[in-house]
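# Tertiary structure, described
Letter by letter, the chains look like this.
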Amino acid sequence: MRQILKFIKDWILPVAMITGALTHNWVSRLSFLTPYLLFFMLLLTFCKISLKDIRFHPAHLWLLLIQLTASIGLYYLLLPFDGIIAQGAMLCLLAPTATAAAVITGMLGGNVGFLTTYVLFCNIAVAVAVPIYFPLTGTHGELSFLLSVWYIFRKVFPLLIFPLFVAAALRRWAPKIHRTLLNIPKLAFYLWVGALTVVTGSTVNFMMNQDSAAYRTEIGLLTVSLLLCCLQFIAGRRIGKRYGDPISSGQGLGQKNTILAIWMAQTYLHPLTAIAPAGYVLWQNIINSYQLYRKEKGIKRSQPQ
């Protein structure tokens, strides 16, 4: 039993995805919980931040530049070939850093403060960029540009920013509740595991109900998400290496809030676009599981026998 529990702990991310995939008929019915899980994950992350902790680092600028410029640039590069794949590629680059990335960063030995601050900067930047970028894809062609911007802004911005104000209010007026949340450091991670299970189940259920004619596009989206996942982890680590912290920058750029990305895709873009961040879920968690496995093995080898 102890070995089974250890296996689940070490491989909890792929276990969550496999569970969601195998139980997709039931789990997909819980998709309405996704926005609430996102809210609480962001709230728990922002509770760790005070205004004094928010410090700009040069690496933050490079990571944000890659997300904001490469996402729209790649969209227009791929648009002549396939509009849906172009949207999926844009989403894989533009998606903000996962709230649970700070937990993974800490487990890998990176700088949690750096990553947590970047989560804040990144989510604010994406909240501003999404209402501008998405209307450019022509998804809401029946609306004017300004109406499209407002439509998306009022949906996305509160979900990303409201938890920040709630966290600040708790710190100021309800310190006991704030301390209680801080004393559950892994709650955000396990909420993410639960959300990952729901999103995987919903995505598998969605893919199972697609017309066979869309399989070619689905394969293209999965391939693009794999390439972009690997490239972002590599690029992030190389940027971080210049500043002495490859782990934090690698996780900051590579580990995406795919739950939010899938929600945005299903809400505002072509429905098939959700397959790109869904595939990204698989690729990034294979990478994370491998990194945690190597870290654990390294610790065991360094311990005296």
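Further up the page is the structure itself.
Owing to the predicted nature of the structure, the values given are computational and were not obtained by experimental measurement.

### Here's the deal with the overall build of the protein
Counting its secondary structure elements, the protein contains 15 helices and 0 strands. Residues counted as buried form 50% of the 305 residues belonging to the protein. Across the protein, every contact between residues at least 6 apart in sequence was considered, and the portion connecting residues at least 24 apart equals 81%. Carbon and sulfur atoms provide 68% of the accessible area of the protein, an area that totals close to 15200 Å².

### Re the nonpolar core
Most often, soluble globular proteins have nonpolar side chains that are buried together. If you look at the biggest cluster of nonpolar residues, it comprises 70 residues, and the most contacted ones within it are Leu 13, Phe 134, Phe 189 and Met 264. The residues contacting Phe 189, other than those within four sequence positions of it, are Ile 12, Leu 13, Ala 100, Val 103 and Ile 104. Grouped together as the second largest cluster of nonpolar side chains are 10 residues, Leu 42, Leu 120, Ala 167 and Leu 170 included.

### As for the packing of aromatic side chains
One pass over the full model with this rule turns up 5 aromatic pairs. A ring pair is formed by Tyr 75 and Tyr 76, whose centres lie 5.1 Å apart and whose planes are at 70 degrees; its orientation type is edge-to-face. For Tyr 76, a relative accessible area of 43% gives the class partly exposed. Ring plane angle 50 degrees and centroid distance 6.3 Å describe the contact between Phe 134 and Tyr 268, whose orientation is recorded as tilted. On the criterion of sequence distance, the pair formed by Phe 134 in helix α8 (residues 112–136) and Tyr 268 in helix α14 (residues 258–268) is long-range, its members being 134 residues apart. Here Phe 134 and Tyr 268 have matching classes, each one buried. An aromatic cluster is present here, built from Phe 39, Phe 40 and Phe 162 joined pairwise through their rings.

### Looking at a nonpolar patch on the surface
Residues Tyr 76, Leu 79, Ile 124, Val 128, Ile 132 and Leu 136 make up a contiguous nonpolar surface patch of roughly 470 Å² in combined accessible area. The greatest single-element share of the nonpolar patch, amounting to 4 residues, is contributed by α8. Following the sequence through the fold, Ile 124 ends up in helix α8.

### Considerations on the packing of helix α4 (residues 34–46) against α14
Packing of α4 against α14 brings their axes to within 10 Å, and their N-to-C directions diverge by 145 degrees. The handedness of the crossing between α4 and α14 comes out as left-handed. In this structure, α4 uses Thr 34, Pro 35, Leu 38 and Met 41 to contact α14, whose residues at the interface are Ile 259, Leu 260 and Trp 263. Residues belonging to the contact of α4 with α14 are distributed by class as follows: 6 nonpolar, 1 polar and no charged.

### Some words on α4
Along its 13 residues, α4 runs 18 Å from first to last C-alpha, staying within 8% of the 18 Å computed at 1.5 Å per residue. Burial runs high along α4: 10 of the 13 residues are buried. Three or more residues of α4 are buried, namely Thr 34, Leu 37, Leu 38, Phe 39, Met 41, Leu 42, Leu 43, Leu 44, Thr 45 and Phe 46.

### Overview of the side chain of Ser 225
By the secondary structure assignment, Ser 225 is in helix α12 (residues 215–242). Here Leu 222 takes part through its backbone oxygen, which lies 2.8 Å from a polar atom of the side chain of Ser 225. If sequence neighbours within four positions are ignored, Ser 225 has contacts with Cys 92, Ala 276, Gly 279, Tyr 280 and Trp 283.

### Things to note about the environment of Leu 33
Along the chain, Leu 33 turns up in the loop between α3 (24–27) and α4. For the pair Leu 33 and Val 199, spaced 166 residues apart in sequence, the C-alpha separation works out to 9.8 Å.

### Observations concerning the side chain of Thr 197
By the element assignment, Thr 197 lies in helix α11 (residues 187–208). For Thr 197, a relative accessible area of 15% gives the class buried. A polar atom in the side chain of Thr 197 sits 2.9 Å from the backbone oxygen of Val 193. Those residues in contact with Thr 197 that sit more than four places away from it in its chain are Ala 16, Thr 19, Gly 20 and Val 27.

The rules behind these values
Residues numbered from 1 in each chain as written. Predicted model: local features only at pLDDT ≥ 70, side-chain atom pairs only at ≥ 80, totals over all residues. Heavy atoms only, no water. Helix = DSSP H or I, 4+ residues; strand = E, 2+ residues; numbered from the N terminus. Buried < 20%, exposed > 50% of the residue type's maximum accessible area, 1.4 Å probe, protein only. Contact = heavy atoms within 4.5 Å. Areas by Shrake-Rupley, 256 points an atom, 1.4 Å probe, with all protein chains shown as cover. Core = buried A, V, L, I, M, F, W, Y, C linked by side-chain atoms within 4.5 Å. Phe/Tyr/Trp six-rings, centres within 6.5 Å; stacked < 30°, edge-to-face > 60°. Patch = residues over 30% accessible without salt bridge, like charges linked within 9 Å, V, L, I, M, F, W, Y side chains within 5 Å. Salt bridge = Lys/Arg side-chain N within 4 Å of Asp/Glu carboxyl O. Axes fitted to C-alpha atoms, helices over the stretch in contact; angles between N-to-C directions. Left-handed = near helix turned anticlockwise from the far one by under 90°. Nonpolar A, V, L, I, M, F, W, Y, C, P; charged D, E, K, R; others polar. Expected span 1.5 Å × (residues − 1). Polar contact = N/O pair within 3.5 Å; in protein donor to acceptor, adjacent residues only side chain to side chain.

These values are about where atoms sit, not about what they do.
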